[in-house]
Structure formats: structure tokens, C-alpha cells
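So you can see what is in the structure, the chains are spelled out below.
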Number of protein chains: 2
Amino acid sequence: MKQWLEEKLLQLNVTDEMDEENGFTRLSYTEEEKQAHEAFINVAKELNLDVTQDEAGNLWARWKGVQESAPAIAIGSHLDTVSAGGGYDGAAGVLTGLAAVKVLKDKGFQPEKNIDIVCFASEESARFGVSTVGSKATAGMIDKEELGRVVDADGITIKEAVESYGLSWNSIDQAEKSTEDIESFLELHIEQGTQIEDNKAEIGIVRGVACPVRLQVTVKGMANHTGTTPMNNRADAFVAAAPLVTYVEEQARELNEVQSTPIVATVSTVQLSPNVMNVIPGEVQLGIDIRSVDDELKRSLADQIRNYCETMNQSSRLDVHVHTLVDNDSVYLDSSIQEKLQDITETAGYRAHSMDSGAGHDVMNMAVRWPSGLIFIPCREGISHHPKEHASIEDLNKGTNVLAAYIESTAGEQG
Amino acid sequence: MKQWLEEKLLQLNVTDEMDEENGFTRLSYTEEEKQAHEAFINVAKELNLDVTQDEAGNLWARWKGVQESAPAIAIGSHLDTVSAGGGYDGAAGVLTGLAAVKVLKDKGFQPEKNIDIVCFASEESARFGVSTVGSKATAGMIDKEELGRVVDADGITIKEAVESYGLSWNSIDQAEKSTEDIESFLELHIEQGTQIEDNKAEIGIVRGVACPVRLQVTVKGMANHTGTTPMNNRADAFVAAAPLVTYVEEQARELNEVQSTPIVATVSTVQLSPNVMNVIPGEVQLGIDIRSVDDELKRSLADQIRNYCETMNQSSRLDVHVHTLVDNDSVYLDSSIQEKLQDITETAGYRAHSMDSGAGHDVMNMAVRWPSGLIFIPCREGISHHPKEHASIEDLNKGTNVLAAYIESTAGEQG
């Protein structure tokens, strides 16, 4: 099995070797994402699964059960990546889903219910700033009008990207599944942290997914010549904004000291205008990402940041504006699935760790409509969204075994 | 004359009105710069000047004197701009140079010596990060090999840009003038500050030009997922770099309190990598611009900044590197030309203010080879490199009169 995992890991990553120098770049609705999807289709066909592409570009590889009209046991993740990301974020879940089918087929298992291995489209927000587009479509959460206006760095709208991917934007919301189509959904993902390892465990069983609050802070000062504008006659937007980076970091650190639920906050993007050597920065835009499964905690930090910006605004030379890009409730996962996963890992002899997810995943959309679960496998040093992202074949194999056991216990064997 | 200035200001800016909303964007060696150069040729031809373009793209509009082989009195500036800059930085000097010729022709002046009104190419560093390319070529300061590698934001080399401008990169150094070609050079420029106004004067006579020290600071941390990396397990390059912005500002302010010679320092550029919402910044690059005519003072601030970065480097999780992009001596201008300008302004009844220039200008290259002078006219609120940059027609007219008087007193009238 390990050899099969190794081989198909490369195939799904459309590569001959895992490139830890350049990583993988398969942005949403690009030719690169499509190539990975084609690899998925090929592997699924080798396993005799029936693959269909829905209106959002998600792939559904079905192992037909005896009860062809019964709700399916769905398992999956995604194959798109961030820019220069790794080959495991998303790919691990798709790969182990397919591998679980192989394990069960190899041992002659015949499912009573349908089993769907899903490859969701466009999970990462790297290109359009919006994440999990494919699973949002599945869960009926697409607002075509609002979403269609979103653009990438080159000004291409997501609508245009979807169309040039070969889909019809107008039909994207028809990818929605009905409640009766799916019995439960399970995702496997790399942890993107080190909690499993820190707790000397092998598998993480996730209770809740922390959805971010995202703020965009715009500080307007006055652009002017760097050489001719005296220090006491400036309205340098970057000088005004820089302490906010420190403030966000310090506040998040302090909250972790006094709160039991972890919280993280990051100033992760900056745009300076005009950003040239001989002009004082006239405008700065900062992007801030705040996460905790404790929704009240993350919102109170967002408020603190808004207040801090308000005090900056008291300078007559500055104009500071805070825009809330995203503010969603955290998602709690199905407790009976968590219990089932506890049983499965115990039986398999894997030490399981119950934890929260700081990252968003396709499962957070699926969980709104269907009983859903999420398991984590460790990744080396917690590194992800980086060419050095790595999960071992051993851990992928353990994940495969958990998924296979889950299918076995839920899809029912033909009697 | 004022109507002529108003009309030709628009013509040289290739516009129907001075656009204070969008400003003007005529980057180095682009179609937009070329259009302004074509406008220059048209105005020069109206004045019956002979225009030639040299191998660097500089335009020389000659009013032939009686002594056709004698060194010329050269006067000029540039017509390229920063991105969304104003219509006076550079254009004011070219316009008033041409206007001075008109004033003298209108009154029947016949020069003994040749008079060259120069429009230098590619003065601004906005596109390639290198400034005053045209006047460097004139003064024989071009290192073709080193300069040819410089690229713009789209990865286009300056060599490619020069070639697609219609020039031959290989010949660019042939634009160099010999010492005997020019007797003296005088540039008029907007002040880009408020010292003239602050000193209740009308014309600035410049003693020296402060050349910048420019540093590029690279801070490498570790990119990782914003949602899954606990606050105490991060190497956030932006968090590390942000206090440097504050430090540079504070140190420059303090030095101005204790030093008589002004100094300015600005963190004017930032590049964050990967600069996406859900990834902790793994690398930050800051560009720092430091200026003072006191070379020792500016270099000691640069050293302070290097030391500060050295202390940042002591964190095992960071790798901080400081690269010196530019470190040139300040340029002192010809004292006899300054005296002549003092006499001229006194005679004309204009209050003159003796001052330094915090900005680099074409004159700083010309001064290395030929006796050179620089005069400033006020610009509204000291604003430049900005759509709201503005100089009044009255001040342009005064500048024209100073240039005309300078030509009259140096080019000699045919007896």
C-alpha cells in the first residue's frame, strides 16, 4: 500500500518528484488545477470508480453501493494549492480517500451504500481571496452576484476564470447537492501545526473549525518627495501603520496567556502606494487575519484593533479606515462522527488527539448541511503553504486505514 | 508671456488640462515619455531651434550663436515623471528654458555663443530604480554592463526598454559630450519643499545637492499557515521588520533636533512574501532612502540602521541582511554661477534664498563635468511626485526671466 500511496501522490501532484525547492502552484480554476483533476480522474478510473464533474468543477468518484439511490458516504478534500505551496495540503485527503477505496476493494469489501470520493475545486483563497468555492457550491452557499465580482491580482474575475476553465458561471449554483444525496462527509487533511506531535499522538480528531475574522485597514497619509519633505512636515502612511503590526502580534500573544482557547492574529498582507524609493508612502493597506474557535474571543480582538485604528485616526494628517472582509462563526463538527473516529483509532492502535482546527477546510461548508468529520495527520514541523510542506507515507497510510475503517463501519457490507 | 507659458505647459504635458486627479505618468523610456519629447520638438521648432536626439534619447534644441564651434550655454531638465506624478517636476525646467529663448528672441537678442535647451531622458527612478540616466550618459557616467541588467517591475531590462524606445543600447555611451562642448549648465526645477516660501523668498539658489544613501533590508523568517501556527511558534518577518520603520523615522527626527544640517530618512518601499491573507509573512524587503548634504551625517544614520538590523539578526529564527544600493557623495554647485544668479535676482527684484537640494536632479551629473547651477521656483505646499503638484504661472514666469537674464549675461550679444 505504501508504494501505491507514494506513486499516486506523485501522480496527483502531476510531478516526477516532490519538489521541496519550488513546491507546487495550482491556483484556483487554472490549467494547473485542471491537470491535477485529470490525474484524479485517471486514478479513480483505475479503481473502477464512476467520475462526474459538477457545475462548480468538483469531481465525484463513485463506488456504487447496492442501494443505488441511498445517500452516499462522501470523503474528500481538494487538489488546488497556494502559490509555491506543498503537495500535501488537500492532496493528502484526496489521495487517502482513493487509497481507502483501494484497501477495501483489495480485501473484497462490497458496500451497501454509495461511496463518493470528492475532489473539491478551488479551496485555497490564494488567487481570489475567497476560499472553498467548490464545497460552498456543494453546500448551496454561493451568491453568484457577489462572488462573480471578485478578481485576482491580474484583474480577472472569478466568473471569467470559471468560464475559461470550461464551466458555465451561470450554472455554478446547480452544483448544490440535496440533503438526501449525502449521509455524512469526512475529510482528512494535514494538520498544518504541531499539536498532534506535541501531544505524542498520531491522528488528530477535530472538534471545531475556527473561521477567521479578516480586516482590511487602509491608512491614508500624503505622498511626497523623500528628499525634500522635512521630517516634521510629513504624513507618512507607513510610519503610521507599522506599529499596528506590532500591536496585533502583542495583543494576540497576551490573550493566549490569559485565555484557555488559543487565538492567533497575523498582519499577513501589505500594499504600499506608490511604493517607490523616492516617494513617502501616501497610502498603506494591511490585511489582518484573526482566528479562534472562540468566536467571542476573536471578535473582541477585532474590536480592539478597530479601536486602535480609531486612535490613529485622531491625527488630522491621517485617514484610517477598517473594513471587515470576513466574519463567520466557527463550525463545530458532528460529535457522533468524532466518537466513531475515536473508536476506529483505538481499535487500530493509533493514539488520537482531540483538537480544534485553526485553518478553514472544505468540511466547514459540508458540516452546515451534513453530519461531518475532520481528521488530521501530522506534517513535518507543522510547515504548510510552503515548498517544504511534508507528510510521511507512514502517516498517509495510517490516515488511509482510518478512512477505510470509517467507510467499512458506515457504508455497510452487502450481507 | 504668461499665456505662452500656460499654453506650452499643457503642450509639453501632452494634455488639454492639468489633471490634479490622476496626474501624469510618463515613465522612463516609454511611449508616454516619447510623446512629451515629441511635444518638446514641436515647441522648439516653433522657436526655430535645431533639435537633435542623442544616443541616450536626450533632446538638444540649439539656438546657434555666431561662434558656431564655441562651447554652449546649456539649460534644461526632463519630461519623464513618476507614476501618477505632477506636470511640473522636470517640465518646469524644460518649459522655462524654451520660454527664455522666446523672451530673448522676442526682444531681438542675437547670441554670440550657442545656446542649448536640453530635455534629458529618463530622470526619474520610478521605473528602473535608477535615476538621471540621460544626464549620466551626457556626463559619461554610464556603465553599460551594470546598468543593462536593471529591470522594471515587469522584468523588462533597461536595455530592452531603450531598444524598444528606438535607440541602440550599444551606442548609449556615445551620448557623452566632451568638456569643450559645454561652457556651463543651468537647471530650473520646482523646489519640492517649502523653504523658499518659509523664508519669504521667490527664487531658491542651490548650493549643493544631497545624494541619497539607499539601503535594502531583507528579513527572512518562516512562512506558515496563519490559522494553525501558534503565536509562540512563529518567525513572522513582518512583525520583525515593522519596528524598523518606526526606528528610521525616530532617528531621523532626533538628528534634526541636534544637527544644523537637515537630514531626512524614509522607509519608502516594502515587498512582503508571499503577501496572502492566510500565510504568515516569510520574507520582507524594505527600501530605505536617507538624504543630507552632510555626507558624514547621512552615512552615520545608515550605520545606525545597519547596527539596528544586526541586533535583529541575533534572533535565531531570523536572517537579516542589509544591502547598500546607492551611496554617493553630495554634489556642490559652482559658486561663481551662484553669485551670478544672486546678481540677476537682485537686479530683477526677486528675493532669493540660498539653500540645499534634498532631491537629486540632472544637474548633479552635469556638475561633475561642467560648471553648473540650479535654481528653484516654489511649488504649492511643497507637494511633488503627486497629482496635486503645482507651480504658478507667475513663478514660472519669474524663473523664465532669471534664465533669460542668465543667457543674456553669459551667451554674449553679437556686437
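Residues numbered from 1 in each chain as written. Chains lettered and ligands numbered in written order. Predicted model: local features only at pLDDT ≥ 70, side-chain atom pairs only at ≥ 80, totals over all residues. Heavy atoms only, no water.

A few words on the overall build of chain A. Secondary structure assignment for chain A yields 12 helices and 13 strands. For a compact globule of 415 residues, the expected C-alpha radius of gyration is about 22 Å, and chain A comes in at 23 Å, within 12% of that figure. A sequence separation of at least 24 residues applies to 79% of the contacts in chain A between residues at least 6 apart. Taken as a whole, chain A presents about 15,700 Å² of accessible surface, with 43% of it coming from carbon and sulfur. One finds the centroid of the 34 positive side-chain charges in chain A at a distance of 1 Å from the centroid of its 67 negative side-chain charges. (Helix = DSSP H or I, 4+ residues; strand = E, 2+ residues; numbered from the N terminus. Rg over C-alpha atoms; globule rule 2.2 N^0.38 Å. Contact = heavy atoms within 4.5 Å. Areas by Shrake-Rupley, 256 points an atom, 1.4 Å probe, with all protein chains shown as cover. Lys, Arg positive; Asp, Glu negative; His and termini not counted. Charge placed at Lys NZ, Arg CZ, Asp CG, Glu CD.)

We now examine the domain arrangement of chain A. Residues and elements named next belong to chain A. The domain boundaries assigned to chain A delineate domain 1 (2–209 + 330–411) and domain 2 (212–327). Every contact between the two is made by 11 residues of domain 1 and, on the other side, 6 residues of domain 2. Both faces considered, domain 1 and domain 2 share a buried interface measuring about 530 Å² in area, 37% of it formed by carbon and sulfur atoms. When the buried surface of domain 1 facing domain 2 is broken down by residue, Ser 330, Asp 356 and Gly 358 rank first, second and third, together holding 59% of it. One can count 0 salt bridges joining domain 1 with domain 2. Taken together, the residues of the side of domain 1 that touches domain 2 sort by class into 3 nonpolar, 7 polar and 1 charged. (Domains from an automatic or database assignment. Buried area = accessible area lost by both parts, 1.4 Å probe. Salt bridge = Lys/Arg side-chain N within 4 Å of Asp/Glu carboxyl O. Nonpolar A, V, L, I, M, F, W, Y, C, P; charged D, E, K, R; others polar.)

A few words on unusual backbone geometry. Negative phi values dominate among residues other than glycine, just as trans dominates among peptide bonds. Of the consecutive residues Ser 273 of chain A and Pro 274 of chain A, the connecting peptide bond is found in the cis state with omega at 5°. Structurally, Pro 274 of chain A is set in the loop between strand E8 (264–273) and strand E9 (283–291). Positive phi values are uncommon outside glycine, yet Val 14 of chain A reaches one of about 50°. Take Val 14 of chain A: it is sitting in the loop between helix H1 (2–12) and helix H2 (31–46). In this structure Val 14 of chain A comes out as partly exposed when scored by relative accessible area, which is 43%. Its identity is not glycine, yet Thr 132 of chain B carries a phi of approximately 50°, on the positive side. (Buried < 20%, exposed > 50% of the residue type's maximum accessible area, 1.4 Å probe, protein only.)

Under the criterion given, the structure shown has 10 aromatic pairs over all chains. Members of the aromatic cluster, each reached through a chain of ring pairs, are Trp 60, Phe 120 and Phe 185 of chain A. The ring of Tyr 165 of chain B has Lys 34 of chain B lying over it, and the distance from NZ or CZ to the ring centre is 4.9 Å. (Phe/Tyr/Trp six-rings, centres within 6.5 Å; stacked < 30°, edge-to-face > 60°. Lys NZ or Arg CZ within 6 Å of the ring centre and 35° of its normal.)

Residues and elements named next belong to chain B. Taken N-terminus to C-terminus, the directions of helix H3 (residues 91–106) and helix H12 (residues 393–411) make an angle of 60°; their axes are 8 Å apart at the nearest point. Taken as axis vectors, H3 and H12 run oblique relative to one another. Handedness of the H3/H12 crossing: right-handed. In contact with Ala 92, Leu 95, Thr 96, Gly 97, Ala 99, Ala 100, Val 103 and Leu 104 of H3, H12 contributes Leu 396, Thr 400, Leu 403, Ala 404, Ile 407 and Glu 408. Residues belonging to the contact of H3 with H12 are distributed by class as follows: 10 nonpolar, 3 polar and 1 charged. (Axes fitted to C-alpha atoms, helices over the stretch in contact; angles between N-to-C directions. Parallel < 35°, antiparallel > 145°, perpendicular 65-115°, else oblique. Left-handed = near helix turned anticlockwise from the far one by under 90°.)

Time to look at the sheet that holds E9 of chain A. Residue and element names in this part refer to chain A. Here 4 strands make up an open sheet; going across it, the order is E8-E9-E7-E10 and the pairing antiparallel. The strands lining the two open edges of the sheet, one partner per strand, are E8 and strand E10 (319–327). Recorded for the sheet is a direction-independent mean angle of 15° between the axes of neighbouring strands. When strand E7 (residues 213–220) meets E9, the two strands line up antiparallel, connected through 8 bridges. Counterpart to Val 217 in the pairing with E9 is Leu 286. Helix H9 (residues 295–312) contacts E7, E8, E9 and E10 of the sheet and is inclined by roughly 5° relative to E7. (Pairing = 2+ DSSP bridges.)

A few words now on the confidence of the model for chain A. Of the residues in chain A, 99% reach a pLDDT of 70 or more, and the chain-wide mean stands at 95. Quick note on the complex model: pTM equals 0.79, ipTM equals 0.80. (pLDDT = per-residue confidence, 0-100.)

The next point concerns the interface of chain A and chain B. Between chain A and chain B, the contact holds 63 residues from the first and 63 residues from the second. Carbon and sulfur atoms supply 61% of the area that chain A and chain B bury against each other, a total of about 5,000 Å² over both sides. Three residues stand out in chain A for area buried against chain B, namely Met 231, Phe 238 and Met 277 of chain A, and they jointly supply 16% of the buried area on that side. At the junction of chain A with chain B, the criterion picks out 0 salt bridges.

This part is about the environment of Ser 164 of chain A. By secondary structure assignment, the location of Ser 164 of chain A is in helix H6 (residues 158–164). On a C-alpha basis, the gap between Ser 164 of chain A and Ala 84 of chain A in space is 23 Å, while along the polypeptide they are 80 residues apart.

A separate point is the relation of the copies chain A and chain B. Under the fitted operation, chain A is carried onto chain B by 0.2 Å of movement along the axis and a turn of 180°, and the coordinates agree to an RMSD of 0.1 Å. Here the two chains are linked by the operation of a two-fold rotation axis. Ranked by how close their C-alpha atoms come to the rotation axis, the residues of chain A are headed by Ala 242 of chain A, at 2.6 Å. (Least-squares fit on C-alpha atoms with pLDDT ≥ 70 in both.)

It is worth spelling out the side chain of Ser 184 of chain A at this point. Residue and element names in this part refer to chain A. Take Ser 184: it is sitting in strand E5 (residues 182–190). Judged by relative accessible area, Ser 184 falls into the buried class, the value being 5%. Side-chain polar atoms of Ser 184 contact the side chain of Tyr 406, separated by 2.7 Å. Sequence-distant contacts of Ser 184, defined by excluding residues within four places in its chain, comprise Ala 72, Ile 73, Ala 74, Ile 337, Pro 371 and Tyr 406. (Polar contact = N/O pair within 3.5 Å; in protein donor to acceptor, adjacent residues only side chain to side chain.)

Below, the discussion takes up the pattern of salt bridges. Should the charged atoms of two oppositely charged side chains come close, the side chains can pair. Tallied over the full model, the rule gives 45 salt bridges over all chains. A salt bridge links Glu 46 of chain A to Lys 8 of chain A; the nearest nitrogen and oxygen atoms lie 2.8 Å apart. Highlighted residues: Glu 46 of chain A in helix H2 and Lys 8 of chain A in helix H1, separated in sequence by 38 residues. Measuring nitrogen to oxygen at the nearest pair gives 2.8 Å for the salt bridge that ties Asp 329 of chain B to Arg 299 of chain B. Taken as a pair, Asp 329 of chain B in the loop between strand E12 (319–327) and strand E13 (331–332) and Arg 299 of chain B in helix H9 (residues 295–312) lie far apart in primary sequence, 30 residues in all. The partly exposed category is assigned to Asp 329 of chain B, whose relative accessible area is 49%. Classification of Arg 299 of chain B as partly exposed rests on a relative accessible area of 26%. Here the salt bridges share partners, and the residues they tie into one network are Glu 202, Arg 351, Asp 395 and Lys 398 of chain A.

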